[in-house]
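Descriptive structure summary
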Amino acid sequence: LPHCTATLVSPGALVTAAHCVNLHMTKDRLAGGKVTAAFGSVYSQPLFPPIEISSASFPDSGDMVFDPKTLRHDIAVLYLK
C-alpha cells in the first residue's frame, strides 16, 4: 500500500486523498486488518501503536465521482476501528 498522509478530523475519522484509497484499500485488506494508520511525523517511528482502519469511502456515485486520471474529487474518509 502507498504511504499517504491524512488529517484526523474526529476521534474516529481521518481525511486523506482518494488516490490513496482507490484500488488499495479493498474490502479484503480492510477486513484482514492489513490497513493501519500511524500517528506522528515519521512513519517508521509512530507516537503509539498503529490503529486499524475499519472502512474507507470516497466519491463514487452521482456527480461526485473520483477520477484517477484527472484527480477530480480526490478526497476520502478513513474510519478508525
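Coordinates for the structure precede this section.
Below you will find a few notes about this structure.

1. Here we look at the sheet that holds strand S2 (residues 13-16)
- One open sheet accounts for 5 strands, arranged S1-S2-S7-S4-S3; its pairing is antiparallel. Both edges of this open sheet fall to strand S1 (7-10) and strand S3 (36-37), since each of them pairs with a single strand only.
- Relative to S2, S1 runs antiparallel, the two being bridged by 3 bridges. Paired with Thr7 across the bridge in S2 is Val15.

2. A word on the nonpolar core
- Of all hydrophobic cores here, the largest spans 13 residues; its most connected members are Leu14, Met25, Ala37, Ile53, Leu78 and Leu80.
- At the level of elements, helix H1 (18-21) and strand S7 (76-80) are the ones that each hand at least two residues to this core.
- Considering every element that reaches this core, the biggest residue donor is S7, with 3 residues.

3. Structural notes on the environment of Leu8
- Examined against the element boundaries, Leu8 turns out to sit in strand S1.
- Looking at Leu8, the relative accessible area reads 47%, which means it is partly exposed.
- For the pair Leu8 and Arg29, spaced 21 residues apart in sequence, the C-alpha to C-alpha distance is 21 Å.
- Residues in contact with Leu8, not counting those within four places in the same chain, are Ala13, Leu14, Phe39 and Leu80.

4. Section: the pattern of salt bridges
- Per the stated rule, a full pass over the model turns up 1 salt bridge.
- Close ionic contact of Lys81 with Glu52 constitutes a salt bridge, the shortest N to O distance being 3.5 Å. Placement of Lys81 in the segment after S7 and of Glu52 in strand S4 (residues 51-57) is noted, with a sequence separation of 29 residues between them.
- Classification of Lys81 as exposed rests on a relative accessible area of 67%.
- Judged by its relative accessible area of 25%, Glu52 falls in the partly exposed class.

Rules behind the numbers
- Residues numbered from 1 in each chain as written.
- Predicted model: local features only at pLDDT ≥ 70, side-chain atom pairs only at ≥ 80, totals over all residues.
- Heavy atoms only, no water.
- Pairing = 2+ DSSP bridges.
- Helix = DSSP H or I, 4+ residues; strand = E, 2+ residues; numbered from the N terminus.
- Core = buried A, V, L, I, M, F, W, Y, C linked by side-chain atoms within 4.5 Å.
- Buried < 20%, exposed > 50% of the residue type's maximum accessible area, 1.4 Å probe, protein only.
- Contact = heavy atoms within 4.5 Å.
- Salt bridge = Lys/Arg side-chain N within 4 Å of Asp/Glu carboxyl O.

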